[in-house]
Amino acid sequence: MNHPVYVHIGLGKTGTSTLQRALVEQRGPLAELGIDVPGERHLDIRRPVYDLMGRRIGGAGRDADARVTGAWAPF
């Protein structure tokens with residue numbers, strides 16, 4: 001099934017984590033509006049964005065590159 005996908009890619013330290021957390025926290029009300037928020041936590045939203053960008057923001061770290069590559073595929 002084809003459906004629009006909206007991706008917000010913001011620069012680090014510009015409030016993107018706050019937006020991601022808000023989406024996760026409001027998953028229930030958003031679902032009632034037909035909006036699917038993937039993942040269980042805001043980091044689950046970040047990995048597919050890193051995959052689309054072809055890199056992580058700020059290099060390697062807690063979120064290993066192996067978990068980033070291919071993260072967009074389920075969407």
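Given the structure is predicted, the values throughout are model-derived calculations rather than measurements.

**What to know about the overall build of the chain**
Helices and strands together make up the secondary structure of the chain, namely four helices and zero strands. Reading the secondary structure of the chain in the N-to-C direction produces α-α-α-α. With 75 residues in all, the chain has 24% of them scored as buried. For the chain, contacts bridging at least 24 residues in sequence account for 30% of all contacts bridging at least 6.

**A word on helix α1 (residues 16-25)**
For an α-helix, 3.6 residues make a turn, and residues three or four places apart therefore share a direction. The set of residues buried in α1 consists of T16, Q20 and V24. Buried residues in α1, looked at end-on, bunch into an arc of 75°, giving them a common side. Looking at α1, the residues exposed on the side facing more than 90 degrees away from the buried face are T18 and E25.

**Concerning the environment of E25**
Note on placement: E25 falls in helix α1. With relative accessibility at 61%, the residue E25 sits in the exposed group. When the C-alpha positions of E25 and E40 are compared, they lie 9.6 Å apart, and in sequence the two are 15 residues distant.

**Digging into the environment of L23**
Within the secondary structure, L23 is located in helix α1. When the C-alpha atoms of L23 and V37 are compared, they prove to be 6.7 Å apart, with 14 residues separating the residues in sequence. With residues up to four places along the chain from it excluded, the contact list for L23 reads L30 and V37.

Scoring rules and cut-offs
- Residues numbered from 1 in each chain as written.
- Predicted model: local features only at pLDDT ≥ 70, side-chain atom pairs only at ≥ 80, totals over all residues.
- Heavy atoms only, no water.
- Helix = DSSP H or I, 4+ residues; strand = E, 2+ residues; numbered from the N terminus.
- Buried < 20%, exposed > 50% of the residue type's maximum accessible area, 1.4 Å probe, protein only.
- Contact = heavy atoms within 4.5 Å.
- Arc of directions from axis to C-beta.

These values are about where atoms sit, not about what they do.
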